[in-house]
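Survey of secondary and tertiary structure
The lines below spell out each chain.
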Amino acid sequence: MKKFWPCWTKAGLLLRERSSKMDPKLHDYTVFDLETTGKKIIQIGALKVRDDQTVAKFSTYVNPLEKINDYVSHLTGISNYQTDAAPLIDEVMPDFLDFVGDDTLVGHNILSFDCNVLADNGYPVANPKLDTLLLANSYKKRGLFAAPIPNVRLSTLKDYYG
């Protein structure tokens, strides 16, 4: 899980940098990310933010009930060894949904990917959502980054924010 927390934190800086202009009340939210086989969830991670400070973390592997192929394992760094003994999605989701509560969900590409995967796995979420990919695209098009960036990938934003 170590490699994802810094990325979320740095992407969260993008949100925090502009949140007062976007919505002066958006200081409490949950940042989340899924790792998947494409359709099956193999990891869920989330940070709960209150008054712009991380106050809690949620992290778990999920047993997808299928083997993780080499490509996905290389891409995510997650192996069958890590998920074989992990809880099933139906065991994990009640805890994740309790963790999230009514918070606004924040993440990179969550509208096109993560929320759809949750729904496809039987867990649609009705929470308000803020997609940092859309936000970053908007900033890039409007020239709001202090220095030019080549793209709005999460890794690029992490490097940009240091």
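As a starting point, this report considers the structure included with it. Each chain carries its own residue numbering, running from 1 in the written order of its sequence. The model is predicted, so local features are restricted to residues of pLDDT at least 70 and side-chain atom pairs to those at 80 or more, both for listing and for counting; the totals for chains, interfaces and linings are taken over all residues. Side-chain calculation: all heavy atoms of the structure are included, whereas hydrogens and water are not.

1. Considering the overall build of the protein
Runs of H or I in DSSP of at least four residues are treated as helices and runs of E of at least two as strands, each being numbered from the N terminus. A count of helical and extended segments in the protein gives seven helices and five strands. In the protein, the succession of α and β elements from N to C terminus is α-β-β-β-α-α-α-β-α-β-α-α. Taken over 162 residues, the protein has a buried fraction of 46%. To sort residues, take the accessible area from a 1.4 Å probe on protein chains only and compare it with the maximum for the residue type: under 20% means buried, over 50% means exposed, and anything in between is partly exposed.

2. Digging into helix 7 (residues 154–161)
Within helix 7, the full set of buried residues consists of T156, L157 and Y161. For helix 7, the angular spread of the buried residues around the axis is 125 degrees, confining them to a single face. G162, located one to two residues past helix 7, shows a positive phi value of around 85 degrees. This arc describes the spread of directions from the helix axis toward the C-beta atoms.

3. Side note on the side chain of T36
For T36, the position within the fold is in strand 1 (residues 29–36). Here a polar contact is taken to be a pair of N or O atoms separated by no more than 3.5 Å, where protein atoms must pair a possible hydrogen donor with a possible acceptor and residues adjacent in sequence count only if both atoms sit in side chains. Polar side-chain contacts of T36 include one of 3.0 Å to the backbone nitrogen of G38. Two residues qualify as a contact provided that any one of their heavy atoms is within 4.5 Å of a heavy atom in the partner residue. Beyond its immediate chain neighbours, meaning those up to four positions away, T36 contacts I41, I42, V72, T76, F113 and V117.

4. A short note on unusual backbone geometry
Positioned with a positive phi, D51 is a non-glycine residue whose angle comes to about 50 degrees. Mapped onto the fold, D51 is located in the loop between strand 2 (41–50) and strand 3 (53–61). Its relative accessible area of 60% is what places D51 among the exposed residues. One non-glycine residue, N109, adopts positive backbone phi at about 70 degrees. Owing to a relative accessible area of 27%, N109 belongs among the partly exposed residues under this scheme.

5. Considering the environment of T76
Checked against the element boundaries, T76 lands in helix 2 (residues 70–76). Accessibility expressed as a relative area gives 3% for T76, which makes it buried. Expressed as a C-alpha distance, the spacing of T76 and Q43, which sit 33 residues apart in the sequence, is 9.5 Å. Separated by 2.8 Å, the side chain of T76 and the backbone oxygen of V72 make a polar contact.

6. Observations regarding the pattern of salt bridges
Salt-bridge detection follows one rule: a side-chain nitrogen of Lys or Arg within 4 Å of a carboxyl oxygen of Asp or Glu. Inspection of the entire model under this criterion finds three salt bridges. Among the salt bridges present, the one from K48 reaches D103, with a minimum N-O distance of 3.2 Å. Linking K48 in strand 2 with D103 in the loop between helix 4 (89–100) and strand 4 (104–107), this pair joins segments that are 55 residues apart in sequence. When its relative accessible area of 14% is taken as the criterion, K48 is described as buried.

7. Quick notes on helix 4
By this rule, a helix spans an expected 1.5 Å times one less than how many residues it contains. Relative to the 16 Å expected for twelve residues at 1.5 Å per residue, helix 4 spans 16 Å between its end C-alpha atoms, a close match to the ideal helical length. Three or more residues of helix 4 are buried, namely I89, V92, M93, F96, F99 and V100. Projection of helix 4 onto a plane perpendicular to its axis shows the buried side chains occupying an angular sector of 125 degrees, all on one side. Across from the buried face of helix 4, at angles greater than 90 degrees, the exposed residues are D90 and D98. Packing partners of the buried residues in helix 4 comprise strand 1, strand 2, strand 3, strand 4 and helix 5 (110–120).

8. Focus: the sheet that holds strand 5 (residues 129–131)
As summarised here, the arrangement of the five strands in space is 3-2-1-4-5, forming an open sheet in which the pairing is mixed. Edge positions in the sheet fall to strand 3 and strand 5, since each of these pairs with one other strand and no more. Between one strand and the next, the sheet's axes are offset by a mean angle of 20 degrees, whatever the strand orientation. As paired elements, strand 1 and strand 4 share three bridges and run parallel to each other. Across the sheet, residue Y29 finds its bridge partner in strand 4, namely T104. Throughout, an axis means a line fitted to C-alpha atoms (over the contacting stretch in the case of helices), and angles, computed between N-to-C directions, take values from 0 to 180 degrees. Seen against the sheet, helix 4 touches strand 1, strand 2, strand 3 and strand 4 and runs at an angle of roughly 15 degrees to strand 2. Where helix 6 (residues 132–142) meets the sheet, it contacts strand 4 and strand 5, and its direction lies at approximately 50 degrees from that of strand 5. Strand pairing is assigned whenever DSSP detects at least two bridges linking the two strands.

Purely spatial values, then, with no claim about function.
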